[in-house]
Amino acid sequence: DFIVPLFVIEGNKLKEAIPSMPGYFRFSLDLLAAKAVSLWKQELKAILLFVKVPDNLKDNKGTEALNHNGLMQRAIKTIKDAVPDMIVITDIALDPYSSFGHDGIVEEGKILNDHSVKILSEMALSHAQAGADIVAPSDMMDGRVLAIRNQLEEANFHDTMIMSYSAKYASAFYGPFRDAVGAQGLLKGDKKTYQIDPPNMEEAIREVEEDINEGADMVMVKPGMPYLDVIREVKNKFKVPTFAYQVSGEYSMLKLAISKSYIPPEVIDESLLCFKRAGADGILTYFAKDWLLRHKNSR
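Reading guide: rules and limits
- Residues numbered from 1 in each chain as written.
- Predicted model: local features only at pLDDT ≥ 70, side-chain atom pairs only at ≥ 80, totals over all residues.
- Heavy atoms only, no water.
- Buried < 20%, exposed > 50% of the residue type's maximum accessible area, 1.4 Å probe, protein only.
- Helix = DSSP H or I, 4+ residues; strand = E, 2+ residues; numbered from the N terminus.
- Pairing = 2+ DSSP bridges.
- Axes fitted to C-alpha atoms, helices over the stretch in contact; angles between N-to-C directions.
- Parallel < 35°, antiparallel > 145°, perpendicular 65-115°, else oblique.
- Left-handed = near helix turned anticlockwise from the far one by under 90°.
- Contact = heavy atoms within 4.5 Å.
- Arc of directions from axis to C-beta.
- Patch = residues over 30% accessible without salt bridge, like charges linked within 9 Å, V, L, I, M, F, W, Y side chains within 5 Å.
- Areas by Shrake-Rupley, 256 points an atom, 1.4 Å probe, with all protein chains shown as cover.
- Salt bridge = Lys/Arg side-chain N within 4 Å of Asp/Glu carboxyl O.
- Lys, Arg positive; Asp, Glu negative; His and termini not counted.
- Charge placed at Lys NZ, Arg CZ, Asp CG, Glu CD.

Asks: How would you summarise the pairing of strand 8 (residues 134–137) if you had to cite specific residues and measurements?
Replies: Judged by which residues are buried, strand 8 turns out to be covered on both faces: I134 and A136 on one side and V135 and P137 on the other are all buried. Relative to strand 8, strand 5 (residues 87–92) is paired through 4 bridges, and the arrangement is parallel. Along strand 8, the bridge assignment pairs I89 with I134. Alignment of strand 8 against strand 9 (residues 161–168), held across 2 bridges, turns out to be parallel. Counted as the bridge partner of I134 is M161 from strand 9.

Shown next, in the form of structure tokens:
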């Protein structure tokens, strides 16, 4: 049921701590291969990749996102060479590559939806060409699922699946993740013009329905625990593969509270079980390793 998010950086023999995510790291490509092998041996068979690209490669055009020899593309090949059967899922959004820290192209303070969609669909194709099994558009631009599906079909990548961040809310729980990919200090303004307003359920349902109609193979609700009602509503209404993302803020606050003995480690189990109870088919979580360590003797 677990998909393991991994963060990748340039360099050699680097295992770089993420200060706002206790116990989580960024890996250089040489260590990424060993990490993938270790996860596979622990029966964790799906990885979601994110990259932290150097600031000098960031711009407002998505240039590095389309680099066929970019960090993401090399990371995909590295994992596939090390563990060919590992399911590799890749993040499709421009925030790790953007000088503005946004998920799309910015002009005069506004996000250019259609321009961004064109770049995102080309980005998805480059990931498929590198060996990605699933592309995961997390940008929330309108029409991007259809554009990506058409791009993949035209290039004969018929089996590459789309896991769409369909109900992604403009949440305050994303801070540690933005730190992990190097977007925190760059973000100008907020993302409320393209992510969903937290009180709004109806828009989430509309967004999910649109993505399914455009060709998404599976849909996602993000964040997780504060939006369990959305997960259940999506699963009940559409009965499609539905995933939940237990995001960085959820992870960090639980880790810190556990480390202070304010709450016991059993909350990890409880937090993950609640996603299954809500109807999630799979969980993207930074707690996969913690869960395995807690249950090592019972497996």
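Asks: Please provide a residue-by-residue account of the packing of helix 6 (residues 202–214) against helix 7 (residues 228–238), values included.
Replies: Working note: a packed helix pair is described by the angle between its axes plus the distance between those axes. Where helix 6 meets helix 7, the axes come as close as 11 Å, and the angle between the chain directions of the two elements is 45°. Judged on the interaxial angle alone, helix 7 and helix 6 are oblique. The chirality of how helix 6 crosses helix 7 is right-handed. Packed against helix 6, whose contacting residues are A204, I205, V208, E209 and I212, the element helix 7 presents V230, E233, V234, K237 and F238 at the interface.

Asks: So what's going on with helix 7? Residues and values would help.
Replies: Among the residues of helix 7, L228, V230, I231, V234, K235 and F238 are the ones counted as buried. An end-on view of helix 7 places all buried positions within 160° of arc, on one side of the element. For helix 7, the secondary structure elements touched by its buried residues are strand 9, helix 6, strand 10 (218–222), strand 11 (242–246) and helix 9 (266–278). Remark: K239 follows helix 7 within two positions and exhibits a positive phi of approximately 55°.

Asks: I'd like to hear about a negative patch on the surface, residue by residue, with values.
Replies: Together, D114, D142, E209 and E210 line one region of the surface with negative charge. In this structure, D114 sits in helix 3 (residues 113–130). For D114, a relative accessible area of 63% translates into the label exposed.

Asks: Requested: an account of unusual backbone geometry, with residues and values cited.
Replies: Between K222 and P223 the backbone carries a cis peptide bond, its omega angle lying at -5°. When you line up the elements, P223 lands in the loop between strand 10 and helix 7. In this structure, E43 is a non-glycine residue whose phi angle is positive, near 70°. Position of E43 relative to the elements: it lies in the loop between helix 1 (29–41) and strand 4 (46–51).

Asks: Can you break down the pattern of salt bridges residue by residue, with the values?
Replies: With the rule as written, the count across this model stands at 16 salt bridges. Close ionic contact of E16 with R26 constitutes a salt bridge, the shortest N to O distance being 2.6 Å. In this pair, E16 is assigned in strand 2 (residues 15–17) and R26 in strand 3 (residues 25–28), connecting sequence segments 10 residues apart. E16 sits in the partly exposed class, given a relative accessible area of 30%. For the salt bridge of D103 with K191, the shortest nitrogen-to-oxygen distance reads 2.7 Å. One end of the pair, D103, is in the loop between strand 5 and strand 6 (105–107); the other, K191, is in the loop between helix 5 (175–180) and helix 6, and 88 residues separate them in sequence. Here D103 and K191 have matching classes, each one buried.

Asks: Go over the environment of L71, please, and point to the residues and values.
Replies: Looking at the element boundaries, L71 is found in helix 2 (residues 71–82). For L71, a relative accessible area of 3% puts it in the buried group. Distance from L71 to K52, taken between C-alpha atoms, is 8.4 Å for residues 19 residues apart in sequence. In contact with L71, other than residues within four places in its own chain, are V8, I9, E10, L29, V51, K52 and E64.

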